[in-house]
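Residue strings, one per chain:
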Amino acid sequence: MGAAMRRIHVGNALSAFGLGFTVPYLYVYVAQVRGLGSVTAGLVLAVFAVAALIVLPFAGRAIVRRGPLPVLLVALVTAALGAMSLGLSASAATVLVSAAALGAGQAVMQPALATMIVDCSTTETRSRAFAMQFFLQNLGLGVGGLIGGHLVDTSSASSFTLLFAIEAAMFLVLVAVMTTVRAPRAPRIEEAPGQTGGGSWKQLLGNRAMVQLCVLGFVLFFACYGQFESGLSAYGVEAAGISTSALGTALAANTLMIVVAQFAVLKFVERRKRSRVIASVGLIWAVAWAVAGYAGLGHGSQTMATAAFISTYALFGLGEAMLSPTLAPLVADLAPTGLAGQYNSAFALVKQLALAIGPAVGGPLGASLHGPYIVAFLLFSLGITVLAVRLGRQLTDVQNQPSLARSRVVTQGGVPADAVVVAEA
């Protein structure tokens, strides 16, 4: 990695650390510590999703026109102000406004950092770069949540103020780090006079492969990430009798699997077609939902149910490790020159939409209709496999398997060509 890429990865780790530092404790902070009730706390979590959905379309246009670094710096300052304000807020109105600023800033960081990775990588190195990003994001989330949990005290509002102040400081440190990045100058798209930002969106929607990838991405995030802390956890508690400590162990198993498997599966993923890798993830997750079905609907012991439930989260982690070097690089390779920011923002928008709808649908279903819940999401996982196979038909050979580009370069421009010339002479 070059110096620019190292700083970008530090940025990914610090932003994830800040997110894991406070978000798990937002509900408790708003509802109990500030005494604003469960309704306001629920609205705060909703505001995070709504703010992201509002700003991401504009973020893509800004990244295309101004470049990812200026957009990232604005997002970091906005998030820092939101975090500090949230730690000092005592009324419902100020809490909601602060949460909107924090949520908007954090949402814009994702496509901005992803676009910087695209600018600093090549088709050959992009999979490894995004695998490293995903690894550091999970590491940052885990470490941030662990440290944050030891700092907070529900009987002391000042402990939460300290928590949000540290998060704000992390974002400002990240501003200082990112201003030193000297990324390659990527092409920028300047709008013609009278042209609106709808032109780039129209171009994106005309890209059939990208549209299919967005549909596939929605199903992926809806059926996996959108269920982790809502439907699947509710199902585990209600149907399988999983304790809160076992639920925490399951989440830890998911993170551990990602950390252990991320680079172990990377070489395997790099040599395969991306569409087949995504299709394989759908099959792995279908097995995960079947194991979850055994945990809640089987007639085994509580120990077996708990082990099966933890295994479900571990299998999801294996699929996530396979997706990280696949999805984001594919989005970048589908983007025309200069429009990587637009495509990254569009895919982030799809992700946020799935994460907003997933808990709303999966939570009630997982808590009450246990059998239909498992069957529905098992079918969603099989649907991922079908959609991935269909997507593969829309991709070029190199888009689907970038390793082919390397082999063709060697064949066309390497030593064998010189040998032919000598022989003919």
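Everything quoted here is computed from the prediction, not taken from an experiment.

**Quick word on the confidence of the model for the protein chain**
Averaged over every residue, the pLDDT of the protein chain is 81; residues scoring 70 or more account for 90%. Taken as a whole, residues 191–196 scores under 50 in pLDDT and shows four contacts with residues more than four places along the chain or in a different chain. Throughout residues 409–425 the model reports pLDDT below 50, and contacts reaching past four residues in sequence, or to other chains, amount to two contacts.

**Examining a nonpolar patch on the surface**
A contiguous nonpolar surface patch, about 390 Å² in accessible area, is contributed by L139, V143, L146, I147 and L151. Along the chain, L146 turns up in helix α6 (residues 126–151). Overall, L146 belongs to the exposed group, its relative accessible area being 53%.

**Topic: the nonpolar core**
In terms of nonpolar packing, the biggest core is built from 110 residues, with M178, M210, L213, L232, W285 and F309 touching the most fellow members. Residue contributions to this core peak at eleven residues, all from helix α5 (residues 92–119). If sequence neighbours within four positions are ignored, L232 has contacts with Q227, W289, A292, F309, T312, Y313, F316 and Y373.

**As for the pattern of salt bridges**
For the coordinates displayed, the defined rule picks out three salt bridges. Between D333 and R126 there is a salt bridge, and its shortest N-O distance comes to 2.8 Å. Placement of D333 in helix α16 (residues 327–334) and of R126 in helix α6 is noted, with a sequence separation of 207 residues between them. Classification of D333 by relative accessible area gives buried; the value is 18%. Here R274 and D333 are joined by a salt bridge, their closest N and O atoms 2.9 Å apart. Pair noted here: R274 is in helix α14 (residues 274–297) and D333 is in helix α16, with a separation of 59 residues, a long-range link.

Conventions and cut-offs
Residues numbered from 1 in each chain as written. Predicted model: local features only at pLDDT ≥ 70, side-chain atom pairs only at ≥ 80, totals over all residues. Heavy atoms only, no water. pLDDT = per-residue confidence, 0-100. Contact = heavy atoms within 4.5 Å. Patch = residues over 30% accessible without salt bridge, like charges linked within 9 Å, V, L, I, M, F, W, Y side chains within 5 Å. Areas by Shrake-Rupley, 256 points an atom, 1.4 Å probe, with all protein chains shown as cover. Salt bridge = Lys/Arg side-chain N within 4 Å of Asp/Glu carboxyl O. Helix = DSSP H or I, 4+ residues; strand = E, 2+ residues; numbered from the N terminus. Buried < 20%, exposed > 50% of the residue type's maximum accessible area, 1.4 Å probe, protein only. Core = buried A, V, L, I, M, F, W, Y, C linked by side-chain atoms within 4.5 Å.

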